[in-house]
Amino acid sequence: MTARLFKSIRWLFSPRSSVCAYAVAAVLIGILLLTFCTVFVPVWYRHRCEDRISEVRATLRIVRRAIAIQHEESGRYPTSFAELRDSLSRGSPENWGRMHVDLTTSRRMRVPEYRQLNDKGGYYYDPNNGDIKLNLTRPVREYFLWYTGKYADQVPSDW
């Protein structure tokens, strides 16, 4: 039995069989790469997108709560989102100085603020009622092209 095994191993490394051996090895490596790309990469991408969405949603909850607290204390809503950030950044400027702007960009110092929902990114803020939303009016799957998770059909401005 061991003699036959050694004979087959020697055959794999012989000049006649090297083309076949390389072809088999290439097919196996291709199958492994295909499996990796079709199974693990989409899962990693979905988790990365959902982590980003969770961070943005958490930021919105915190900002809404801060607006409500400021309204309770002063009896009025901030006239702009920038005013809210300035008043809050006195205690911890590192947290309020850089916020998530939207789903597709990283943290920034200057957060765009709009008075109408126009899908330009940043935030929509209404100083009359303290309503703040992400200024993104298309479904999440249009911002994350290959995302198919639970938030794919949700519109960020509805959060």
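These lines cover the structure that appears in this document, whether it is placed above or below.

Section: unusual backbone geometry
Backbone geometry places D119, a non-glycine residue, at a positive phi of 60 degrees. By the element assignment, D119 lies in the loop between β1 (113-114) and β2 (123-126).

What to know about the pattern of salt bridges
Per the counting criterion, the structure on display carries three salt bridges. Note that E142 and R138 form a salt bridge whose closest N and O atoms lie 3.4 Å from each other. Here R141 and D153 are joined by a salt bridge, their closest N and O atoms 2.4 Å apart. In this pair, R141 sits in the segment after β3 (131-134) while D153 sits in the segment after β3, placing the two residues 12 residues apart along the sequence. Since its relative accessible area comes to 37%, R141 is described here as partly exposed.

Remarks on the sheet that holds β2
If you trace the three strands from one edge of the open sheet to the other, you get β1-β2-β3, paired in mixed fashion. Since the sheet does not close on itself, it has two edges, and those belong to β1 and β3, each with one partner. The pairing of β1 with β2 spans two bridges and is parallel. In the strand pairing of β2, E113 is matched with Y123.

Definitions and limits used
- Residues numbered from 1 in each chain as written.
- Predicted model: local features only at pLDDT ≥ 70, side-chain atom pairs only at ≥ 80, totals over all residues.
- Heavy atoms only, no water.
- Helix = DSSP H or I, 4+ residues; strand = E, 2+ residues; numbered from the N terminus.
- Salt bridge = Lys/Arg side-chain N within 4 Å of Asp/Glu carboxyl O.
- Buried < 20%, exposed > 50% of the residue type's maximum accessible area, 1.4 Å probe, protein only.
- Pairing = 2+ DSSP bridges.

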